[in-house]
Amino acid sequence: NKSFSILKQILEDPKNATEDQLLYANEGISLFPAQPFVYLIKAKALNYQKEYKKALLSLKDGIDFVIEDEMEANFYNEMAISYKALGDLQNEKKYIEKSKKLKK
């Protein structure tokens, strides 16, 4: 079943391992390329696997589709995690601040 609501349920299910989330997120991006949620989940899975540069690419690819402040803040939080792990503390701080501004 190629419905976004089904995909979202699969990606949000805590029983799915990170590898499964990554697999389904990649499939989801090909089926629903304008859904920012899928890019965010892919980035979270990549950050978990310590693939920080790949996570940043996913976030940068998906952020153009974001229309809600809360989702944008989540993207910035995930970017901050990636930058921190890469040792880029200046960008980490920048994206934490961007996230905080959106959550006010």
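Residues numbered from 1 in each chain as written. Predicted model: local features only at pLDDT ≥ 70, side-chain atom pairs only at ≥ 80, totals over all residues. Heavy atoms only, no water.

Caption draft 1: Examining the packing of aromatic side chains more closely. What the rule picks out here adds up to 4 aromatic pairs. Pairing Phe-4 with Phe-32 gives two aromatic rings, centres 5.6 Å apart and planes at 75 degrees, and the pair type is edge-to-face. Pair noted here: Phe-4 is in helix H1 (residues 4–12) and Phe-32 is in the loop between helix H2 (18–31) and helix H3 (36–48), with a separation of 28 residues, a long-range link. For the residue pair Phe-4 and Phe-32, the accessibility class agrees, reading buried in each case. For the ring pair Tyr-39 and Phe-65, a centre distance of 5.8 Å and an interplane angle of 20 degrees mean the geometry is stacked. With Tyr-39 in helix H3 and Phe-65 in the loop between helix H4 (52–62) and helix H5 (69–85), this pair connects stretches of sequence that are 26 residues apart. The exposure class assigned to Tyr-39 is buried, which follows from its relative accessible area of 7%. (Phe/Tyr/Trp six-rings, centres within 6.5 Å; stacked < 30°, edge-to-face > 60°. Helix = DSSP H or I, 4+ residues; strand = E, 2+ residues; numbered from the N terminus. Buried < 20%, exposed > 50% of the residue type's maximum accessible area, 1.4 Å probe, protein only.)

Caption draft 2: Quick look at the packing of H3 against H5. Running from N to C, H3 and H5 point in directions that differ by 20 degrees, and their axes come no closer than 10 Å. Considering their axes alone, H3 and H5 lie roughly parallel with respect to each other. In the packing of H3 onto H5, the handedness of the crossing is left-handed. Note on element contacts: H5 touches H3 through Met-71, Asn-74, Phe-75, Glu-78, Ile-81 and Ser-82, opposite Pro-36, Phe-37, Tyr-39, Leu-40, Ala-43, Lys-44 and Asn-47. Taken together, the residues that form the contact of H3 with H5 break down as 8 nonpolar, 3 polar and 2 charged. (Axes fitted to C-alpha atoms, helices over the stretch in contact; angles between N-to-C directions. Parallel < 35°, antiparallel > 145°, perpendicular 65-115°, else oblique. Left-handed = near helix turned anticlockwise from the far one by under 90°. Contact = heavy atoms within 4.5 Å. Nonpolar A, V, L, I, M, F, W, Y, C, P; charged D, E, K, R; others polar.)

Caption draft 3: Molecular detail of the side chain of Asn-47. Mapping Asn-47 onto the fold places it in helix H3. Engagement of the side chain of Asn-47 in a polar contact is seen with the side chain of Glu-78, the distance being 2.9 Å. Not counting residues within four places of it along the chain, the set of residues in contact with Asn-47 comprises Tyr-52, Ala-55, Glu-78, Ile-81 and Ser-82. (Polar contact = N/O pair within 3.5 Å; in protein donor to acceptor, adjacent residues only side chain to side chain.)

Caption draft 4: Spotlight on the confidence of the model for the chain. Summarising the model, the chain shows a mean pLDDT of 94, and 99% of its residues fall at 70 or more. The spread of mean pLDDT over the elements of the chain runs between H1, the lowest at 93, and H4, the highest at 98. (pLDDT = per-residue confidence, 0-100.)

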